[in-house]
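An overview of the molecular structure
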Amino acid sequence: MTVTKVVLAKLSPTMEEGTIVKWSKKEGDAVKVGDVLAEIETDKANMEMEALGAGVLRKILVPAGGKAPVGNLIGVIANPDEDISALVASAGSPAPKAAAPAPAPAPAQPAPQQSAPAPQAAPSQPEPQAARPARAPQAAPPAPPAPQPVPAPAAPPPGERDGGRVKASPLARSMAAQQNIPLASVPGSGPGGRIIKRDIEAWSTGGPERPAAPGPAPAPSAAPAAPAITPGQDIPLSNMRKTIARRLSESMFTSPHFYVTVEIDMDAAVALREQLLQGENVKVSFNDLVVKACAKALTRFPMVNASWAGDKITTHGDVHVGVAVAIPDGLITPVVRNADRKAVTEISREVKDLAARAKEKKLRPEEFMGSTFTISNLGMLDVVEFTAIINPPESAILAVGAVRKQPVVVDDAIRIGHRMRVTLSSDHRVVDGALAARFLADVRRLLENPVSLFV
Amino acid sequence: MAVLTMREALNQAMKEEMARDPTVFLLGEEVGAYQGAYKITQGLLAQFGEWRVRDTPIAEEAIAGVAVGAAFTGLRPIAEMMTFNFSLLALDQIVNHAAKYRYMSGGQVRCPMVMRGPSGAAAQVAAQHSQAFESWYVNIPGLVVVMPSTPRDAKGLLKSAIRDDNPVIFMENEVLYNFKGEVPDEEYHIPLGLGDVKRQGKDVTLVAWSRSVVTAMTAAKTLAEQGIEAEVVDPRTLRPLDDDLIFESVRKTNRCVVVEEGWRLAGFGGEIADRVQRECFDHLDAPVLRVTAEDVPMPYAKALEKSYLPQADEVIAAVKKVLYIQ
């Protein structure tokens, strides 16, 4: 019996369903373990799904363009002469719910599940093995007239997160709460899909879950292509759109936002940027300077680099700055890790690379997860100022407007200066108004003396 | 430090306390002329005479009753039960009298007695002579229950038990009587209610007492070869229980397996599991598991006796289960 069920793997921590972008093999093709079978669109990126068994791709059950929930049968690999008709027939009916999320050990890897979604027997506490024949001569209690105890309901199938209940060990729960990790998105490797310590540890080394970022982002330099939409038509939701909707609604409706705006004198930054370009042939963007300025300021204001955790506030040891990037059907926030310790030029290179790959949907999960603060910049679209929605579980996001020439008053005279407005959205549970203002003052000080960003 | 058997360590404890305090005396079946059914009382009759080392009839309720009465009047009796299987006959004296009078007299009457003897299985002595009764006694407020696992602990704890003003149930183990260990030469005591970490480890906490400590240590050794470091916590006194020591360990390891020779149902390990889940809930990464005797009377057949008692391989299996290995 060499049938391998091709099951839609959980390719990102938040993935619930996927769209088959294309099949890399067609029916009848020979397949080895590790061969790329298909490209799958998750809620975050397009990922390749590999074959977990060898044989011939006998049947494609969900064609390119089709959607399937995680865990569903989308194809069958088997020997050429293997009878797979029963399997194929069973896939015709709606997949049983229990076939759902096989825990994927790492977000980037397909879950090993060639042995099918057959539920393992739910582990039960070993009862003392009462060797009944030798049972002690207990005084038999008088037959109780009371109703017989109701037999315990059958154990639910493993892995099923029925009714939204997530099975996790108490330790895993408290670790997740401390690190502000949404438990529901952590794959559980314990019995019945229980999330245990090692799952949280594996997760946190990959970084806590990051949603797609709030607020649109640097638009592509070319004029943004208007999506091909026929007015009046309903548009089916992409996975990314669903994630954006869910995460940002959750942020807006649970964390009390307030907004503080400052105007920054960018004359020195403009001059420095030109000097770098002319003298050193080094090109940095205003946004790179903002990333560095925020990273430096965050090290001085740990409360802004923090998360509301229900019964406490978690401050983050590292400064990971997310940069919102617009991509054709949504947006994503690639992360510049430890931005406070990186040179501006390094940040610049990294952002360029991440943004380019984000547009191709080629980011690896660890490249868009784990930010502790986010920057959203609409300056390239000539936006003067705007407000952004906080990227949970962070506590603040900076919305950056364009650097504009405008009349400014210097020494009681009007002259032309460069100004940029930035607006900090803060979660008032963590950050108070005065703190937001002091943080922004620091960001302004750094940007107005941009040499400080290079030391 | 001298290396002694637990038998010798217990004997030393009684000899030293009897020499130190003339109110300490010993009574029981065969404790005098025969020098003890298990030779724990060897030499005591010769040293202290018939007045203080008293052979009794085969009448456990009478032994306990005399001890309780003597203790009420200010003596410090050590009542030996040939084994705790027979102590069931003395339960009324212990439960209704020894354990109650200090409370019911508002502290006017104390019962500074020790009831000691072997408990648990030995080797093929079958259903009536192989029972672990600590869970019975530990249920009774007013009693102290002590169960040493090493010669050093046995001596230090028995001396503390003799000096304690409460009735102490001191449960030894026949299999452990010949086990050897280092015992300090100088005077020392081990306070009642103080547990001991018998082996340090970071991966799982094994709680065990008396002979089960040996089982747990054997399992820990095998586990160490597989890279798993088990911490073995021996409470030594079950009542009052040093639960802080257990909690501290579980908070470190996040997992707990209790090993006990008694039956599972309403066994003392269940009490430990209860306290651990309550006090260490947020530190647990797996349910607390218990390795116990089987829920049957002890069989006589050797192979069945082995399968009845908790074994190291069962401990190892439980550890792997709480570590989610295999």
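Residues numbered from 1 in each chain as written. Chains lettered and ligands numbered in written order. Predicted model: local features only at pLDDT ≥ 70, side-chain atom pairs only at ≥ 80, totals over all residues.

**Re the overall build of chain B**
Put simply, the test is: Here a helix means four or more residues in a row that DSSP labels H or I, a strand means two or more in a row labelled E, and each is numbered from the N terminus. Exposure is read from a count of other C-beta atoms within 10 Å of each residue's own; the residue is exposed at 12 or fewer, buried at 20 or more and partly exposed in between. C-beta atoms are placed from the backbone. Throughout, a pair of residues is in contact if the C-beta atoms placed from their backbones lie within 7 Å.
Across its full length, chain B carries twelve helices and 14 strands. Counting the 326 residues in chain B, one finds 53% classified as buried. Counting only contacts in chain B whose residues sit at least 6 apart along the sequence, the fraction spanning at least 24 positions is 78%.

**Considering the confidence of the model for chain B**
The criterion, for reference: pLDDT measures the predictor's confidence residue by residue and takes values from 0 up to 100.
Per-residue confidence for chain B gives a mean pLDDT of 97, with 100% of residues at or over 70. Predicted complex, confidence summary: ipTM 0.78, pTM 0.52.

**Some remarks on the confidence of the model for chain A**
Residue and element names in this part refer to chain A. In the predicted model, chain A carries a mean pLDDT of 79, and the fraction of residues at 70 or more is 78%. Every residue in residues 93–162 scores below 50 in pLDDT, and together they form 95 contacts with partners more than four places removed in sequence or on other chains. Counted against residues more than four places away or in other chains, residues 207–225, with its pLDDT under 50, gives 73 contacts.

**Brief notes about the sheet that holds strand β9 (residues 257–265) of chain A**
Residues and elements named next belong to chain A. Cut-off, in case you're wondering: For two strands to be treated as a pair, DSSP must find no fewer than two bridges joining them.
Across the sheet, six strands lie side by side as β9-β18-β17-β16-β12-β15; this open sheet has mixed pairing. Sheet topology places β9 and β15 (335–336) at the edges, where each strand pairs with a single neighbour. The pairing of strand β17 (residues 396–410) with strand β18 (residues 413–427) spans 13 bridges and is classified as antiparallel. Following the sheet pairing, Gln406 is matched in β18 by Gly417.

**Comments concerning the pairing of strand β16 (residues 373–377) of chain A**
Residue and element names in this part refer to chain A. Most of β16 is tucked away: five of the five residues are buried. With burial as the criterion, each face of β16 is covered, one bearing Phe373, Ile375 and Asn377 and the other bearing Thr374 and Ser376. As paired elements, strand β12 (residues 321–323) and β16 share three bridges and run parallel to each other. When the sheet's bridge partners are listed, Val323 is paired in β16 with Ile375. In terms of strand pairing, β16 meets β17 through four bridges, oriented parallel. By the bridge assignment for β17, Asn377 is matched with Val400.

**Quick notes on the sheet that holds strand β4 (residues 76–80) of chain B**
Residues and elements named next belong to chain B. As a reminder, the rule being used: With axes taken as lines fitted to C-alpha atoms, and helix axes fitted only over the stretch in contact, angles between N-to-C directions fall between 0 and 180 degrees.
Reading across from one edge, β3-β2-β4-β5-β7-β6-β12 is the order of the seven strands in this open sheet, with mixed pairing throughout. Two strands close off the open sheet at either side, each with one partner strand: β3 (53–55) and β12 (237–239). Each strand axis lies, on average, 20° off the axis of its neighbour in the sheet, ignoring direction. As defined by bridge partners, strand β6 (residues 144–146) adjoins β12 across two bridges and the pair is classed as antiparallel. Pairing of Val145 across the sheet is with Arg239, part of β12. Contacts from helix α3 (residues 60–72) reach β2 (24–28), β4 and β5 (114–118), with the element oriented near 170° to β4.

**A short note on the packing of helix α9 (residues 243–253) of chain B against helix α10 (residues 268–279) of chain B**
Residue and element names in this part refer to chain B. So the rule is basically this: Each angle receives one of four descriptions, namely roughly parallel if under 35 degrees, roughly antiparallel if over 145, roughly perpendicular if within 65 to 115, and oblique otherwise. Here is the rule for handedness: rotate from the far helix to the near one, and if that takes an anticlockwise turn smaller than a right angle the crossing is left-handed, while a clockwise turn gives right-handed. Put simply, Ala, Val, Leu, Ile, Met, Phe, Trp, Tyr, Cys and Pro go in the nonpolar bin, Asp, Glu, Lys and Arg in the charged bin, and everything else, Gly too, in the polar bin.
Packing of α9 against α10 leaves a shortest axis separation of 10 Å and a crossing angle of 55°. It follows from the interaxial angle that α9 and α10 lie oblique. At the point where α9 passes α10, the crossing takes the right-handed sense. Here Asp243, Ile246, Phe247 and Val250 of α9 lie close against α10, whose contacting residues are Ile272, Arg275, Val276 and Glu279. Here the residues of the contact of α9 with α10 sort into five nonpolar, no polar and three charged.

**Notes on the nonpolar core**
Stated precisely, the cut-off is as follows: Take the buried Ala, Val, Leu, Ile, Met, Phe, Trp, Tyr and Cys residues, join any whose C-beta atoms are within 7 Å, and the set you get is a nonpolar core.
With 105 residues, the main nonpolar core has B:Met115, B:Val146, B:Leu206, B:Val257, B:Val315 and B:Val319 as its most contacted residues. Looking at this core, the element that brings in the most residues is helix α1 (residues 6–20) of chain B, giving six residues. B:Val146 has contacts with B:Leu157, B:Ala161, B:Val168, B:Phe170, B:Met171, B:Leu192, B:Arg236 and B:Thr237, leaving out every residue within four places of it along the chain. Of all hydrophobic cores here, the second largest spans 85 residues; its members include A:Leu8, A:Met266, A:Val400 and A:Leu453.

**Quick look at the environment of B:Asn178**
All names here are of chain B. Relative to the assigned elements, Asn178 resides in the loop between β7 (168–172) and β8 (180–183). Since 11 C-beta atoms lie within 10 Å of it, Asn178 is described here as exposed. Along the primary structure Asn178 and Pro151 are separated by 27 residues, whereas in three dimensions their C-alpha atoms are 9.4 Å apart. The contact partners of Asn178, leaving out residues within four places of it in the chain, are Thr5 and Arg7.

**Concerning helix α7 (residues 344–359) of chain A**
Structurally, the α-helix is built with 3.6 residues per turn, so residues lying three or four positions apart point the same way. Residues and elements named next belong to chain A. Stated precisely, the cut-off is as follows: To estimate how far a helix should reach, multiply one less than its number of residues by 1.5 Å.
Between its first and last C-alpha, α7 extends 22 Å over 16 residues, near the 22 Å set by a 1.5 Å rise per residue. Where the residues of α7 are buried, they touch α6 (286–300), β12, β13 (325–327), β14 (330–332), β15 and α8 (365–368). Note on α7: the residue one or two positions beyond its end, Lys361, has a positive phi of about 55°.

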